[in-house]
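Structural description and commentary
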Amino acid sequence: MERYNIITEVGDGTFGSVWRAINKESGEVVAIKKMKKKYFSWEECINLREVKSLRRMNHPNIVKLKEVIRENDMLFFVFEYMECNLYQLMKSKGKPFSETEIRNWCFQVFQALSHMHQRGYFHRDLKPENLLVTKELIKVADFGLAREIISEPPYTEYVSTRWYRAPEVLLQASVYSSAVDMWAMGAIIAELFSHRPLFPGSSEADEIYKICSILGTPNQHTWAGGLQLAASIHFQFPQSRCISLSEVVPTASEDALNLISWLCSWDPRKRPTAVEVLQHPFFQPCFYVPPSLRFRSTGYATTPPSGLGLKGLWTRRMLGDTLWGL
Ligand code: ADP
Ligand code: MG
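None of the values given here were measured: they were computed from a predicted structure. (Residues numbered from 1 in each chain as written. Chains lettered and ligands numbered in written order. Predicted model: local features only at pLDDT ≥ 70, side-chain atom pairs only at ≥ 80, totals over all residues. Heavy atoms only, no water.)

**Observations regarding the sheet that holds strand β5 (residues 74-80)**
Rules: We treat two strands as partners when DSSP finds at least two bridges between them. Secondary structure elements follow DSSP: runs of H or I of four or more residues count as helices, runs of E of two or more count as strands, with numbering from the N terminus. As a rule, the C-alpha atoms of each element are fitted with a line to give its axis, helices using only the stretch in contact, and angles between N-to-C directions run from 0 to 180 degrees.
Strand order in the open sheet formed by 5 strands is β1-β2-β3-β5-β4, and the pairing between neighbours is antiparallel. The sheet is open, and its two edges are formed by β1 (4-12) and β4 (65-71), each paired on a single side. Along the sheet, successive strands turn relative to each other by an average axial angle of 25°, direction set aside. In this structure, strand β2 (residues 16-23) lies alongside strand β3 (residues 29-35), joined through 7 bridges in antiparallel fashion. Each bridged residue has a counterpart across the sheet, and for arginine 20 the counterpart in β3 is alanine 31.

**Examining the coordination of the magnesium ion (ligand 2)**
To keep it simple, the criterion reads: Because water is not among the atoms used, a metal site may look incomplete, as its donors are only the N, O and S atoms within 2.8 Å, or 3.2 Å for Na, K and Ca. When accessible area is computed with a 1.4 Å probe and restricted to protein chains, residues below 20% of their type maximum are described as buried, those above 50% as exposed, and intermediate ones as partly exposed.
Those donors, Asn130 (OD1) and Asp142 (OD), are the protein atoms that reach the magnesium ion (ligand 2), and they lie 2.1 to 2.3 Å from it. Of this pair, asparagine 130 sits in the loop between β7 (121-122) and β8 (131-134) while aspartate 142 sits in the loop between β9 (137-140) and β10 (147-148), placing them 12 residues apart in sequence. Under the relative-accessibility criterion, asparagine 130 is labelled buried at 6%. In this structure aspartate 142 comes out as buried when scored by relative accessible area, which is 19%.

**Examining the packing of aromatic side chains**
Which entries qualify depends on this criterion: When two rings of Phe, Tyr or Trp (its six-membered ring) have centres within 6.5 Å they constitute a pair, described as stacked for plane angles under 30 degrees, edge-to-face for angles over 60, and tilted for the intermediate range.
Applying the stated criterion to the full structure yields 10 aromatic pairs. An angle of 90° between the planes, with centres 6.1 Å apart, marks the rings of phenylalanine 122 and tyrosine 176 as edge-to-face. Separated by 54 residues along the polypeptide, phenylalanine 122 in strand β7 and tyrosine 176 in the loop between α5 (167-170) and α6 (179-194) bring together distant segments of the chain. Each member of the pair, phenylalanine 122 as well as tyrosine 176, is classed as buried. On the basis of an interplanar angle of 75° and a centroid distance of 5.8 Å, the ring pair of phenylalanine 237 and tryptophan 266 is categorised as edge-to-face. In this pair, phenylalanine 237 is assigned in the loop between α8 (220-232) and α9 (245-248) and tryptophan 266 in the loop between α10 (254-263) and α11 (274-278), connecting sequence segments 29 residues apart. By relative accessible area, tryptophan 266 is classed as buried at 6%. Among the aromatic residues, ring-to-ring pairing joins Phe107, Phe110, Phe282 and Phe283 into one connected group.

**Topic: the environment of serine 261**
By secondary structure assignment, the location of serine 261 is in helix α10. Remark: the alpha-carbon pair of serine 261 and alanine 190, spanning 71 residues in sequence, is separated by 9.5 Å.

**What to know about the site of ligand 1**
Stated precisely, the cut-off is as follows: Working definition: residue near molecule or strand if any one of its non-hydrogen atoms lies within 4 Å of it. We define a polar contact as two N or O atoms separated by no more than 3.5 Å, with the added condition that, inside protein, one atom must be a possible hydrogen donor and the other a possible acceptor, whereas residues neighbouring each other in sequence contribute only through side-chain atom pairs. Residue burial considers only the protein chains on display, and all accessible areas are found by Shrake-Rupley using a 1.4 Å probe. Under the scheme applied here, ten amino acids are nonpolar (Ala, Val, Leu, Ile, Met, Phe, Trp, Tyr, Cys and Pro), four are charged (Asp, Glu, Lys and Arg), and all others, including Gly, are polar.
Surrounding ligand 1, one finds 19 residues, the nearest of these being Gly13, Glu80, Asn85, Glu129 and Asp142. A distance of 2.8 Å is found between a nitrogen atom of ligand 1 and a backbone nitrogen or oxygen belonging to glutamate 80. The separation between an oxygen atom of ligand 1 and a polar side-chain atom of aspartate 142 is 2.8 Å. In isolation ligand 1 has 540 Å² of accessible area, and contact with the protein removes 94% of it. Residue classes in the shell around ligand 1 are distributed as 9 nonpolar, 6 polar and 4 charged.

**Topic: the environment of alanine 187**
Mapped onto the fold, alanine 187 is located in helix α6. Judged by relative accessible area, which is 1%, alanine 187 ranks as buried. Residues alanine 187 and proline 197, spaced 10 residues apart in sequence, show a C-alpha to C-alpha distance of 7.1 Å.

Below is the structure:
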C-alpha cells in the first residue's frame, strides 16, 4: 500500500470504505476500497464474489478492478477512479436531468448489463449509488452481491437495497435471475426523471404496498407466479388499482414511460432482457458502430465519430457487441 498516497474518503458502504488515492509512481488517480472484514488467506480473497465476477468482466461500462492487495490481513481493491455516483449527482444538481442525458447513461448501463448477463452474472444491487459517473461516461460498480446465474439456488442471503428490489425477491422467491436487475433499472430510470425514488418503501411490506399503489395489485393475468409466491408465505397483497406512470413521472416521454413500465413488470418473465431494451424506441437515437470503424483500438469510445452521416447507416442489429450512446 506504500505505493499509494491516500487522499480522501469518498464512500462508506456496507462492505468497505472507499478512498481516493494516487499511485506514487505513475501519478494515476485510483479508488481504493478497504474491506471491513479481515482476510487471513489469499484463497479467501480470490473466492470473493467481487473478485471472481470482476475478473471475468472487461467492459468500458464496468468499473475496472486494477489490483487486489492483501496486507496485514486487510484487503484492498484498487479500482479506476470515477468522479461521483449517480445519487450524489442527483442530489447536487438542482435542475432535472434532460432526457438525452438519461438516455445516454442508461444506454451505457444496459450495454454493461447485456455483457454481464450474457457472461452468466447478474448484479443484484443496482441503485444510483452503485452507478459511477465521470462526465458523460457511466460505469456499473460494486459487485459485492453479484451472482452467477448458474450458481445453485436457493438464493437466501441479503440482496439489494429495498427501493430497487424486485417483487419476486421481496416475496422471498428462492430462484430468481437477471430480471431483478431489469426491475432495478426501471426504478432507477424513473428516479432519474423525477429525482424521487419510484417505490420508497419504509419496510418490505410497505415496499410491496408502494409497488401495488402504482402498478395495481397483481392478478392471474399480470403475475400468476406472484400469487403463488404470496400464498406460500401467507402474504396478502394490498388491493390497489394501477395508475398511469405519467402521473408519477410527468417529465418522461411516452417512450421512456413505456420502457419503465416494461422493466417494472410484476412478472419477471415479462420483463425485457438488456439486449431487448437496447432495441427499444427510447434508444432510437443511439447507434451501433461496427468494430472496423472504431477509432480507438483499445476498446470502445464514448462519443461517435462526427460527420460520418451515421444515422440510419448502422443499425442496432448487432446489439450486445458494441454500441454507442449519443
Ligand atoms: P459498498 O459495497 O460498500 O457499497 P461500493 O463499491 O459501492 O461499496 O462503494 C461505496 C461508494 O464509494 C460508492 O457508492 C461510490 O460513491 C464510492 N466509490 C466506489 N468505487 C469508486 C470508484 N471506482 N471511484 C470513485 N468512487 C467510488
Ligand atoms: Mg455500494
